[in-house]
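Tertiary structure, described
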Number of protein chains: 2
Amino acid sequence: MSGDFTEEEKNGLYKAVYSRRDVRAHFTSEPIEDKILTKILNAAHHAPSVGFSQPWNFILIKSTSTKKKIKESFEKEKTRSSDMVKEPRKSKYLSFKLEGILDSPVNICVTYDPSKFGPFVIGRSSIPETGIYSVCCAVQNLWLAARTEGIGLGWVSILSNETLRETLKLPDHVVPVAYLCLGYVDEFAQKPDLESSGWLPRLDLKDVVYYEKWEQKDSPEWNQIHEMIRTNLDYA
Amino acid sequence: MSGDFTEEEKNGLYKAVYSRRDVRAHFTSEPIEDKILTKILNAAHHAPSVGFSQPWNFILIKSTSTKKKIKESFEKEKTRSSDMVKEPRKSKYLSFKLEGILDSPVNICVTYDPSKFGPFVIGRSSIPETGIYSVCCAVQNLWLAARTEGIGLGWVSILSNETLRETLKLPDHVVPVAYLCLGYVDEFAQKPDLESSGWLPRLDLKDVVYYEKWEQKDSPEWNQIHEMIRTNLDYA
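A short tour of the structure in this document, coming up. (Residues numbered from 1 in each chain as written. Chains lettered and ligands numbered in written order. Predicted model: local features only at pLDDT ≥ 70, side-chain atom pairs only at ≥ 80, totals over all residues. Heavy atoms only, no water.)

Quick look at the relation of the copies chain B and chain A now. Here chain B sits on chain A after a turn of 180 degrees about the axis and a move of 0.0 Å along it, with an RMSD of 0.0 Å. What we have between these two chains is a two-fold relation. A shared interface surface links the copies, since 100% of the contact residues of chain B are contact residues in chain A too. (Least-squares fit on C-alpha atoms with pLDDT ≥ 70 in both. Contact = heavy atoms within 4.5 Å.)

Pasting the structure below:
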């Protein structure tokens, strides 16, 4: 069954994966066409979900008053969390632009509703968290589809879920999973901002792959791939 | 910045999204080339992560004794969970093939390690779960990359995380997020198995999109896209 993707189609997937960025700045004023936004949402809706439960909802937001409330929550949480970091990293952290809530034309809150098709969902009874994991897969589909359309996306995780719940009128059983800011951008950065700024390095692939069990960095059965991963530090 | 993907490259992404399946059967005996497996792992490693924490690890498994232990755990959990369903759905549930642990050449356990670059990770202090969410994004990258290479992937969530911990020697602070089975397949099904079998229907996109707040199914500012989503029931 291999070979049903052309080289260019394959490249499209890898290009989206490697050039996708968490975007917080450089949004242009160009609105997102309805057709394109629909395409992106539909890609998200076709993510895998445990027991085919499709437990996600996408709340589209462009109300300025809603955005302002979320932005306030962001500012509060950013200040609060900065107390966890010592100088000089604290000042560096505070200097980063970490959201584009008001600058981006469309915000989307992606939520998890465990009550859909429930209570029994195939595959969810042993590890209930797999419901939320499904929603994260939808976010990643959305992100990659947006990238191919030239749309930047930033995931804002510095905010209070309580504020999200109140502002978007979420029922108690629904979990806000992701708050996303979308818009066309002037450019996509070559590297993640936190890498370029020297905040953290990208790990080598060899540092995140183990063989047969935790922390086992080599294994006779995996010799060849181990050598390939160890010696080729840049595949992207 | 839109327009940096050719139509065929864009199609590649959407084709992967729409033809990706959770695969539990039809694995062939063809081994996965090391180079292809490395490409797929590297795509996973380039997922977004909160504060660039890259909190994932990929444990590659082909040991038959490990696979057998995981398969035993699957059988036990499947039987246990079937007691939650009443007949006739119980028999239907038990008749489904839900894993390809022993049939697939490569299993991968994807884990979350919150201690990487910690304790302070940018963006993780308000919503600590975002660490695990990053790992799920990596799983989805892995899944889509595998699909473009003609490799089927099945996520086994009917198992005990305790068994995974013991078998793979995971330290207490590490969370097993996904147990994946990979291999070339004869074919990818047109639709998800649980849809074809009539277990659950695919929701329409209009049923998962809200406007400005929870359960708001229309809004003056979103009239046009609402109409587009309402009337076009199949975009894929």
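Strand order in this open sheet of five strands is β5(A)-β1(B)-β2(B)-β4(B)-β3(B), and the pairing throughout is mixed. One side of each edge strand has no neighbouring strand; the edge strands of this open sheet are β5 (209-211) of chain A together with β3 (151-155) of chain B. On average, adjacent strands in this sheet sit at an angle of 25 degrees to one another, irrespective of strand direction. Relative to strand β4 (residues 175-184) of chain B, β3 of chain B is paired through five bridges, and the arrangement is antiparallel. Counted as the bridge partner of I151 of chain B is Y184 of chain B from β4 of chain B. Packed onto the sheet, helix α6 (residues 161-168) of chain B meets β1 (56-61), β2 (106-112) and β4 of chain B and runs at close to 80 degrees relative to β4 of chain B. (Pairing = 2+ DSSP bridges. Helix = DSSP H or I, 4+ residues; strand = E, 2+ residues; numbered from the N terminus. Axes fitted to C-alpha atoms, helices over the stretch in contact; angles between N-to-C directions.)

In this section: the pairing of β2 of chain B. All names here are of chain B. Of all seven residues making up β2, seven are buried, and the element is well covered by its neighbours. Where burial is concerned, the two faces of β2 agree: the one with V106, I108, V110 and Y112 and the one with N107, C109 and T111 are both buried. Here six bridges tie β1 to β2, and the two strands are oriented antiparallel to one another. When the bridges of β2 are listed, I61 appears paired with N107. (Buried < 20%, exposed > 50% of the residue type's maximum accessible area, 1.4 Å probe, protein only.)

Summarising the element assignment, S157 of chain B is placed in the loop between β3 and α6. For S157 of chain B, the side chain forms a polar contact with the main-chain oxygen of G123 of chain A, separated by 2.6 Å. Dropping the residues within four chain positions of it, S157 of chain B is found in contact with V50, G123, S126, I127 and T130 of chain A. (Polar contact = N/O pair within 3.5 Å; in protein donor to acceptor, adjacent residues only side chain to side chain.)

As a further point, take the pattern of salt bridges. Residue and element names in this part refer to chain A. The tally for this structure, following the rule as stated, stands at 36 salt bridges over all chains. K206 is the partner of D207 in a salt bridge, and the nearest nitrogen-oxygen pair spans 3.3 Å. Residues joined in a network through salt bridges with shared partners are K71, E75, K97, E99 and D103. (Salt bridge = Lys/Arg side-chain N within 4 Å of Asp/Glu carboxyl O.)

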